[in-house]
Amino acid sequence: MKLYFNPQSRAVTVKWMLDECAAPYELVPIDFTKREHKTAEFLKINPAGKLPALEDRDARIFETAAICLYLGDKYAHANLAPAISASERGRYLSLMVYSTSQLEPAMGDSLLKVETLAQRGWTDFETAQNVVEGELGDGPYLFGDWFTAADIMIGSMFIWKRIFGAPPSSPAIEAYVDRLLARPKAMKFGK
Ligand SMILES: N[C@@H](CCC(=O)N[C@@H](CS)C(=O)NCC(=O)O)C(=O)O
């Protein structure tokens, strides 16, 4: 399995997922300055010309959430994804999709100080944070004691927020980020 990688990109989230799965993989460095992500060869792997992208034999997977969903199911023994028949599966899928369809663009609006227009399909960041806080409840993770790929997807957004130096979120969310970063295999930006 090959992860097309740049340490200053969302590919670090997928690397975190691969490491939590204890999956065997190879990192393929992509140099943005040389526009290696826009070559005809790379566009066959991710037609959007972006990182991350994963190659697993004949399969080519792009979009961080899709890759993490794929890995959670492939490495079922790592217990990072509720099984298709499990009662938690629907909420898990919802949180995985929510991470990049609502939370991430809402955070982008907030960091860029851009007004959030409801027509775009996501809420303002304050609302999104409240949603996450409600889903987290007493924690420690989104599914109680069970750490899942949803924590990688949702949690990485708040780790990014901290990396970007944005003002702290609520104490509950900041404590959640501390917990995630304390995991031995936690996401490492820039490495
Ligand atoms: N929604 C996409 C976002 C991918 C994305 O924007 N990746 C950035 C790096 S973090 C990228 O490749 N930027 C280079 C470019 O667009 O030229 C995902 O989660 O995979």
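The coordinates are above.
Residues numbered from 1 in each chain as written. Predicted model: local features only at pLDDT ≥ 70, side-chain atom pairs only at ≥ 80, totals over all residues. Heavy atoms only, no water.

K.L.:
It is not clear to me how the overall build of the protein should be interpreted in this structure. Could you clarify?
P.N.:
If you tally the helices and strands in the protein, you get seven helices and four strands. The order of α-helices and β-strands along the protein, N terminus first, is β-α-β-α-β-β-α-α-α-α-α. The globule rule puts the C-alpha radius of gyration for 191 residues at 16 Å, and the 16 Å found for the protein is close to it. Expressed as lengths along the three principal axes of its C-alpha atoms, the size of the protein is roughly 45 × 40 × 30 Å. Evaluated residue by residue, the protein yields a buried proportion of 45% over its 191 residues. Considering only intrachain contacts with a sequence separation of at least 6, the fraction spanning at least 24 residues in the protein is 60%. Roughly 9,800 Å² of accessible area belongs to the protein as shown, and the carbon and sulfur atoms make up 54% of that amount. Distance between charge centroids for the protein: 6 Å, based on 22 positive and 24 negative side chains. (Helix = DSSP H or I, 4+ residues; strand = E, 2+ residues; numbered from the N terminus. Rg over C-alpha atoms; globule rule 2.2 N^0.38 Å. Buried < 20%, exposed > 50% of the residue type's maximum accessible area, 1.4 Å probe, protein only. Contact = heavy atoms within 4.5 Å. Areas by Shrake-Rupley, 256 points an atom, 1.4 Å probe, with all protein chains shown as cover. Lys, Arg positive; Asp, Glu negative; His and termini not counted. Charge placed at Lys NZ, Arg CZ, Asp CG, Glu CD.)

K.L.:
I would appreciate a short explanation of the nonpolar core in the present structure.
P.N.:
Generally speaking, soluble globular proteins have nonpolar side chains that are buried together. Within the largest apolar cluster, 51 residues are counted, with the highest numbers of intra-cluster contacts made by Leu71 and Leu103. Counting residues per element, the ones that place at least two in this core are β1 (2-5), α1 (11-21), α3 (64-74), α4 (89-112), α5 (125-136), α6 (149-163) and α7 (171-181). Among the elements that take part in this core, α6 stands out by supplying nine residues, more than any other. Built from parts of two domains, this core gets at least three residues from each of domain 1 (2-78) and domain 2 (89-181). For Leu103, the contacting residues outside a window of four places in its chain are Tyr98, Phe125, Ala128, Val132, Ile154, Met157 and Phe158. By size, the runner-up hydrophobic cluster in this structure holds seven residues, among which are Tyr4, Val28, Ile45 and Ala53. (Core = buried A, V, L, I, M, F, W, Y, C linked by side-chain atoms within 4.5 Å. Domains from an automatic or database assignment.)

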